[in-house]
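Each chain, written out:
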Amino acid sequence: MLSKAGTGRAQSLDVMDADKNNTVLREGFLVKRGHFVPNWKARWFVLKPDKLLYYKYEGGRRDSCQRGKIPLKDCVLTCPYLEYENRPLVFKLQTANGVGHFLEACSREERDEWAADITAAGHKLHTSDGGKVTNQQEPASPRLHNIDLSKVLDSMYDVHSGIKMSSHVEQGSTYSNCFSGSAVVDWLVFIQLAGTRVDAVTLASALQEEGFLQPVGIRSVEALRTAGFSQQFMDDSTALYGFSDSLKKRGSVKAETSMSAVELSGQVVKRGYLLKQGHRRKNWKVRLFVLRSEPAFLHYYDPTKDELSPAGGFSLRSCLVSSLNDNGVPSGVSGNIQGNLFKIITQGDTHYFIQAPTNQEKMDWIDAIREQT
């Protein structure tokens, strides 16, 4: 028979377990690489204190049954994880039994927030089990007075493991064989030449100061001209850089996209995963939406494919955007939808039906689009 004290402890443990099951620390869309078939699929992830659950969206509604569970105890997280070309926003979660899960977020900020929340949950699990969290040392920060910048450059320039170069568009101009500032920072952290993003920016600034890297395009050139040393190199996905002209160009330039360079040249205002209804089949698919200004365009990408060009997009000039009522199924909408719908009507009278994960995200997107119309 249990004593009163033992009964109290058991009840306390039951409450703690119930809290773990009910508490949601974070949720949202991520793109996951399959284990048996190595394709990429968008899934709805729910972070609990001790596990990460994921669900499938079917016909515009989230499945009630989970498709998988990733236990967080003793997990090892790698962020960023840059082994997949054309997918720079992946992080890796390896479980205690050695199973690796590869997850892609919609933006660098979103990726880093997911990584931070998962790491925090893992640390809390460790302490709640009676373990002591050791002060984990960050990878050694580069000391600019004793680091060989030419060796850093050689690693960066390596055709197999170095930074990936491609074509980028900025304000109507296309630049070949270049990379973004945030891609440089991600790469330096990933290969452990820098322990933090701040360290990586300092190291990249030194590479630029020595003439190994050069600014490409308006934003990075302006930063070099006006900022102090610590701000000269920009940890930004829209600031472009390339290797010095004295270096032989490596790799081939990717084929130009058929999408007009002008419409992809605007500043990215907002990006995120939303569900879009197809025009022909009327089915719902998760798409990565990117809102740009000057010129104002909304593009969407298929996150299951490695292509860098949009699956579609349209100008926001003279567009109408409106929220749709969640009571019942609005005209033109098919499927057993979750709700949080809005509609965009283009200048050419094409109707786009879009579903956000939450009502707040729906209103944020509507406000952001209206600002551009």
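We now examine helix α4 (residues 181-190). Burial within α4 is extensive, with 8 of its 10 residues counted as buried. Among the residues of α4, G181, S182, V184, V185, D186, W187, L188 and V189 are the ones counted as buried. Close packing links the buried residues of α4 with α2 (108-128), α3 (149-157), β11 (173-180), α5 (197-209) and β13 (240-243). Looking one or two residues beyond α4, the residue adopting positive phi is Q192, at roughly 65 degrees.

What follows covers the sheet that holds strand β8 (residues 90-94). The sheet built from 7 strands is open, its strands ordered β6-β3-β2-β1-β9-β8-β7 with antiparallel pairing. The sheet is open, and its two borders are formed by β6 (68-71) and β7 (76-78), each paired with just one other strand. Averaged over neighbouring strand pairs, the angle between their axes works out to 35 degrees when direction is ignored. Pairing geometry for strand β1 (residues 26-33) and strand β9 (residues 100-104), over 2 bridges, is antiparallel. Bridging across to β9, K32 finds its partner in L103. Packed on one face of the sheet, α2 meets β1, β2 (40-47), β3 (51-55), β7 and β8 and runs near 105 degrees to β1.

Turning to the packing of aromatic side chains, a few remarks are in order. Under the criterion given, the structure shown has 15 aromatic pairs. Pairing F29 with Y57 gives two aromatic rings, centres 5.0 Å apart and planes at 50 degrees, and the pair type is tilted. Here Y57 lies in strand β4 (residues 57-58) and F29 lies in strand β1, a separation of 28 residues in the sequence. Ring centres 6.1 Å apart and planes at 65 degrees place the aromatic pair W44 and Y57 in the edge-to-face group. With W44 in strand β2 and Y57 in strand β4, the pair connects residues that are 13 residues apart, well separated along the chain.

Attention now goes to the sheet that holds strand β19 (residues 341-345). One open sheet accounts for 7 strands, arranged β17-β16-β15-β14-β20-β19-β18; its pairing is antiparallel. Each edge of the open sheet carries a strand with a single partner, namely β17 (312-315) and β18 (320-323). Averaged over all adjacent pairs, the angle separating strand axes in this sheet is 30 degrees, with direction ignored. Strand direction decides the pairing type here: strand β14 (residues 267-277) and strand β20 (residues 351-355), joined by 2 bridges, are antiparallel. Bridging from a neighbouring strand, L275 pairs with Q355 of β20.

On to the pairing of strand β15 (residues 284-293), then. It is a general feature of regular strands that their side chains alternate between the two faces of the sheet. By the criterion of burial, β15 is predominantly enclosed, with 9 of the 10 residues buried. For β14 and β15, the ladder comprises 10 bridges, and the chain directions are antiparallel. Among the inter-strand pairings, Q277 is bridged to a residue of β15, identified as W284. Strand direction decides the pairing type here: β15 and strand β16 (residues 297-301), joined by 5 bridges, are antiparallel. Bridge pairing in β16 places V290 opposite H299.

Moving on, we get to the pairing of β1. Burial runs high along β1: 6 of the 8 residues are buried. Between the antiparallel neighbours β1 and β2 lie 6 residues.

Here we come to the side chain of T95. Note that T95 resides in the loop between β8 and β9. Side chain to side chain, T95 and N97 meet in a polar contact 2.4 Å long. The residues contacting T95, other than those within four sequence positions of it, are I70, P71, D74, C75 and H101.

Nonpolar side chains tend toward joint burial in soluble globular proteins. M156, F179, V184, L188 and F243 are the most contacted members of the largest nonpolar core, which totals 27 residues. Breaking this core down by element, the ones donating at least two residues are α3, α4, α5 and β13. Counting residues per element, this core draws most heavily on α5, at 6 residues. Those residues within four positions of F179 in sequence are excluded, and the remaining contacts are I163, K164, M165, H168, V184, L213, A239, L240, Y241, G242 and F243. Among the nonpolar cores identified, the runner-up in size contains 26 residues, and V31, A42, V90 and L324 belong to it.

Per-residue confidence for the protein gives a mean pLDDT of 82; residues scoring 70 or more make up 83%. Across the protein, the secondary-structure element scoring lowest on mean pLDDT is helix α1 (residues 4-22), at 54, and the one scoring highest is β9, at 96. In this model, residues 132-143 is a region of pLDDT below 50 whose contacts with residues beyond four sequence positions or in other chains number 14 contacts. Of the regions scoring below 50 in pLDDT, residues 250-258 engages in 22 contacts with residues more than four places distant in sequence or in other chains.

The rules behind each value
Residues numbered from 1 in each chain as written. Predicted model: local features only at pLDDT ≥ 70, side-chain atom pairs only at ≥ 80, totals over all residues. Heavy atoms only, no water. Buried < 20%, exposed > 50% of the residue type's maximum accessible area, 1.4 Å probe, protein only. Helix = DSSP H or I, 4+ residues; strand = E, 2+ residues; numbered from the N terminus. Contact = heavy atoms within 4.5 Å. Pairing = 2+ DSSP bridges. Axes fitted to C-alpha atoms, helices over the stretch in contact; angles between N-to-C directions. Phe/Tyr/Trp six-rings, centres within 6.5 Å; stacked < 30°, edge-to-face > 60°. Polar contact = N/O pair within 3.5 Å; in protein donor to acceptor, adjacent residues only side chain to side chain. Core = buried A, V, L, I, M, F, W, Y, C linked by side-chain atoms within 4.5 Å. pLDDT = per-residue confidence, 0-100.

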